[in-house]
Each structure stands twice: as structure tokens, then as C-alpha cells.
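Structure at a glance
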Amino acid sequence: MKTKLGYNLNFHLTTVTPLHIGGSETLSPLSDYYIENNRVHLIDGDLLSKEIFEKNKIDEYILLTGKEANENKSNFLRNFFTTELQLSLSDLNSKISYPSFIKGNPVEIDTFIRTNQSPFIPGSSIKGALRSSILFDWLNSNDPASNLALDEWFKTLFNKNSKADQVEREFQKVEEKLFGSLRDKNRLPMSCFKVSDSSVFDENSLSAYELNRYNLKEPKESIPTIKECIDKEKFCQFNIKLD
């Protein structure tokens with residue numbers, strides 16, 4: 001749709017893999033959630049605090065959480081509710097739950113970014129994905145300029161003496177071949193794309209996944225982390241304004 005300022009293009013987005021974009025909060029198995037029947041169940045934090053305070057169990061809670069810091073946390077809340085609060089987990093359930101694909105010992109869950117408590121994809125993340133897609137297409141185009149830029153980066157990447165910051169700087173040069181540089185003092189092509197935030201997802205779009213990172217140069221596994229993710233085949237909308 002043409003406007004006075006340019007074109008507004010509306011898009012429908014479908015996730016093809018689980019997607020995590022980090023928010024500002026984490027969920028602890030010692031206070032925020034428990035796992036039952038392969039689902040993450042969130043605890044009502046206000047009700048938990050109220051029960052601990054009214055039953056004068058603050059010291060016991062602090063002592064027990066300290067002991068559990070390096071232990072298996074799977075049953076901590078269940079045991080604390082039963083022995084100290086004389087409650088079942090369902091008594092303080094927030095009614096929010098989602099599938100869990102956590103294999104090991106439950107640890108902190110990195111939450112998905114939210115606005116007004118609802119998950120969404122920031123426009124900056126969508127724009128970054130578009131930028132990466134354009135770059136990927138160019139690098140696979142067999143263009144002489146892209147082949148040369150990629151060869152230079154590969155030399156640095158597979159050089160055993162290269163440090164991480166050197167690899168990153170060399171790849172930045174690859175990107176600048178296509179997108180330009182702020183040092184050129186010209187308007188960069190991608191600045192013409194004004195990308196909105198997506199529409200929000202509901203809580204039924206979420207799952208918890210265990211994430212492992214792999215180093216390309218040193219084949220060793222990292223310590224697993226748990227991420228709150230939008231599942232695959234979930235839908236949202238956003239728009240792009242071409243200015």
C-alpha cells in the first residue's frame with residue numbers, strides 16, 4: 001500500500017523451528033516452576049510469598065534453597081510444599097503451563113521477550129533475520145565479489161591461530177561488502193526498511209527446550225541451558241515500511 005512516506009507491506013510470519021529471543025527474566029525451579037507430566041507449570045509467586053510469610057517459613061526456605069543450589073532441583077518445590085507448607089503444588093499453580101523438552105536437571109529457564117506479558121518478536125530481530133537472508137543469498141550467488149569475500153573469511157576462520165575477535169572482524173568485512181559501512185557516510189540500504197514488532201503470541205505457543213552450543217573449532221559440548229521458545233508452525237503478523 002502506497003502512502004505519502006513510502007510503501008507499507010504487510011506480512012504473515014510462520015516459525016519453521018523453535019524460536020528463542022531472550023527477555024529480561026529467568027524462571028527458577030526453586031521458586032517459579034515445576035515439571036509434571038512433561039509440562040512446565042508456573043507457580044503464582046505472590047501466593048507462594050504469602051504462604052511462606054504467613055506460615056513463618058522464611059528461614060526454612062532460605063536454608064533449603066541454599067542446600068539445593070548444586071543438587072537436583074526436580075523435586076524441591078514439591079518437597080517444600082508438602083513438608084513445610086502442607087500444600088500440594090496445584091494449590092499455588094498459576095494455571096499457566098506449556099510442554100517441556102528438558103532432559104536433565106531443571107535449571108533456570110531463560111524467558112521469551114514479552115510486551116504486556118505476551119510473547120512477541122521485536123522488529124529489530126525480524127530485520128536482522130531479513131538481513132541475514134539477503135546476505136546468505138548473496139554469498140550463495142557465485143558472484144565474484146561474494147566468493148572473494150567468503151574466501152578471505154574462511155582463511156581467518158580455519159586458521160588455528162585466529163582469535164574469536166579476528167574472525168568476527170573479518171566477517172564484518174564480508175557484510176560491509178554487501179551492505180556498506182557507516183564509515184562511507186552514505187545512507188545504508190537496510191536503513192530504508194522500517195520493520196514493526198510482530199503481533200503477540202498466546203501462551204499456548206510456548207515450550208521449554210534444552211539448548212546445547214557447539215564450538216566449530218573445538219568439538220566439545222557446553223553446559224546445557226533451557227530456553228522458553230515459540231514453537232514451530234506458529235503464526236504472527238508484521239509490516240515493513242519502505243522509506
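Before any of the text, the structure's been laid out above.
Think of each chain on its own: its residues are numbered from 1, step by step along the sequence as written. Given that this is a predicted model, residues contribute local features only at a pLDDT of at least 70 and side-chain atom pairs are listed and counted only at 80 or more, while totals for whole chains, interfaces and linings are drawn from all residues. Hydrogens and water molecules were not included; the side-chain quantities draw on all heavy atoms of the structure.

This part takes up the overall build of the protein. Helix and strand counts for the protein stand at 6 helices and 13 strands. Here the globule rule reads 2.2 Å times residues to the power 0.38, and the radius of gyration is calculated from C-alpha atoms. What you see for the protein is a C-alpha radius of gyration of 24 Å, clearly larger than the 18 Å of a compact globule of 243 residues, by over 25%. Principal-axis analysis of the C-alpha atoms places the extent of the protein at approximately 70 × 55 × 30 Å. Counting over 243 residues, the protein shows a buried share of 33%. Look at the contacts in the protein between residues 6 or more apart in sequence, and 76% of them connect residues 24 or more apart. Roughly 15900 Å² of accessible area belongs to the protein as shown, and the carbon and sulfur atoms make up 52% of that amount. Positive residues here are Lys and Arg, negative ones are Asp and Glu, while His and the chain termini are left out of the count. We put the charge of a Lys on NZ, of an Arg on CZ, of an Asp on CG and of a Glu on CD. Side-chain charges in the protein split into 31 positive and 35 negative, and the spacing between the mean points of these groups amounts to 7 Å. Helix and strand assignments follow DSSP, with helices taken as H or I runs no shorter than four residues and strands as E runs no shorter than two, numbered in order from the N terminus. Under the scheme applied here, a residue whose accessible area is under 20% of the maximum for its type counts as buried, over 50% as exposed, and between as partly exposed, the area being computed with a 1.4 Å probe on protein chains only. Any two residues whose heavy atoms approach within 4.5 Å at even a single point are treated as in contact. For every accessible area listed, the method is Shrake-Rupley and the probe measures 1.4 Å; residues are considered covered only by the protein chains on display.

Let us now look at the pattern of salt bridges. Salt bridges are defined as contacts in which a side-chain nitrogen from Lys or Arg sits within 4 Å of a carboxyl oxygen from Asp or Glu. Going through the model one piece at a time under the given rule, you end up with 11 salt bridges. Close ionic contact of Glu-54 with Lys-50 constitutes a salt bridge, the shortest N to O distance being 3.2 Å. Here Glu-54 and its partner Lys-50 are both found in helix 1 (residues 45-54), 4 residues apart, which amounts to about one turn of the helix. Since its relative accessible area comes to 52%, Glu-54 is described here as exposed. Residue Lys-173 is joined to Glu-170 by a salt bridge in which the shortest nitrogen-to-oxygen separation is 3.7 Å. Remark: Glu-170 and Lys-173 occur in helix 6 (residues 164-179); sequence separation between them is 3 residues, near one turn of the helix.

Right, let's talk about helix 4 (residues 123-139) for a bit. Any helix carries an expected span of 1.5 Å times its number of residues minus one. With 17 residues, helix 4 should cover 24 Å at 1.5 Å per step; its first-to-last C-alpha distance of 24 Å lies within 8% of that length. Every buried residue of helix 4 is accounted for by Gly-123, Ile-126, Leu-135, Trp-138 and Leu-139. In the core, the buried residues of helix 4 are packed alongside helix 5 (144-157), helix 6, strand 10 (193-195) and strand 13 (235-242).

What follows concerns unusual backbone geometry. Across the chain, the bulk of peptide bonds are trans and the bulk of non-glycine residues have phi less than zero. The phi torsion at Asn-37 lies on the positive side, around 55°, for a residue other than glycine. Along the polypeptide, Asn-37 turns up in the loop between strand 4 (33-36) and strand 5 (39-43). Despite not being glycine, Asn-38 shows a phi value in the positive range, around 60°. Its place among the elements puts Asn-38 in the loop between strand 4 and strand 5.

Residues qualify for a patch when their relative accessible area is over 30% and they have no salt bridge, like charges being joined within 9 Å and the nonpolar side chains of Val, Leu, Ile, Met, Phe, Trp and Tyr within 5 Å. A surface patch of nonpolar side chains, amounting to about 250 Å² of accessible area, comprises Tyr-7, Leu-9 and Phe-11. Assignment of secondary structure puts Leu-9 in strand 2 (residues 6-14).

Let us now look at the side chain of Ser-196. Within the element layout of this structure, Ser-196 appears in the loop between strand 10 and strand 11 (206-211). Counting of polar contacts relies on pairs of N or O atoms within 3.5 Å, with two restrictions inside protein: one atom must be capable of donating a hydrogen and the other of accepting it, and residues adjacent in sequence are counted only when both atoms are side-chain atoms. Among the polar contacts made by the side chain of Ser-196, one reaches the main-chain amide nitrogen of Asn-239 at a distance of 2.9 Å. Contact partners of Ser-196, with chain neighbours within four places excluded, come to Gly-123, Ile-126, Phe-238 and Asn-239.

Turning our eyes to something else, we now look at the packing of helix 1 against helix 3 (residues 76-85). Relative orientation of the contacting elements helix 1 and helix 3 amounts to 35°, with a least axis distance of 11 Å. Between helix 1 and helix 3 lies a crossing of left-handed hand. Residues Leu-48, Glu-51 and Ile-52 of helix 1 touch helix 3, and the partners they reach there are Phe-80, Phe-81 and Leu-85. Grouping the constituent residues of the contact of helix 1 with helix 3 by class yields 5 nonpolar, no polar and 1 charged. Geometry is summarised by axes, namely lines fitted to C-alpha atoms with helices restricted to the contacting stretch, and by angles between N-to-C directions that run from 0 to 180 degrees. Left-handed describes a crossing whose near helix is turned anticlockwise from the far helix by less than a right angle; the clockwise case is right-handed. Throughout this entry, Asp, Glu, Lys and Arg are counted as charged residues, while Ala, Val, Leu, Ile, Met, Phe, Trp, Tyr, Cys and Pro are counted as nonpolar. The remaining residues, Gly among them, count as polar.

Let us now look at the side chain of Ser-100. Looking at the element boundaries, Ser-100 is found in strand 6 (residues 93-101). A polar contact of 3.3 Å, which involves the side chain of Ser-100, links it to the backbone nitrogen of Ile-102. The contacts of Ser-100, once residues within four sequence positions are left out, are Ile-35, Asn-38, Arg-39, Val-40 and Ala-208.

Here we come to the nonpolar core. Joining through side-chain atoms within 4.5 Å is the link that ties buried Ala, Val, Leu, Ile, Met, Phe, Trp, Tyr and Cys residues into a set, and such a set is a nonpolar core. Grouped together as the largest cluster of nonpolar side chains are 21 residues, with contacts concentrated most on Tyr-33, Val-40, Tyr-98, Ile-109, Ile-121 and Ala-208. Only strand 5, strand 7 (109-112), strand 11, strand 12 (225-230) and strand 13 provide two or more residues apiece to this core. For this core, the leading source of residues is strand 13, giving 3 residues. Apart from the residues lying within four places of it in its own chain, the contact partners of Ile-109 are Glu-25, Thr-26, Leu-27, Tyr-33, Val-40, Ile-102, Ala-208, Ile-226, Lys-227 and Glu-228.

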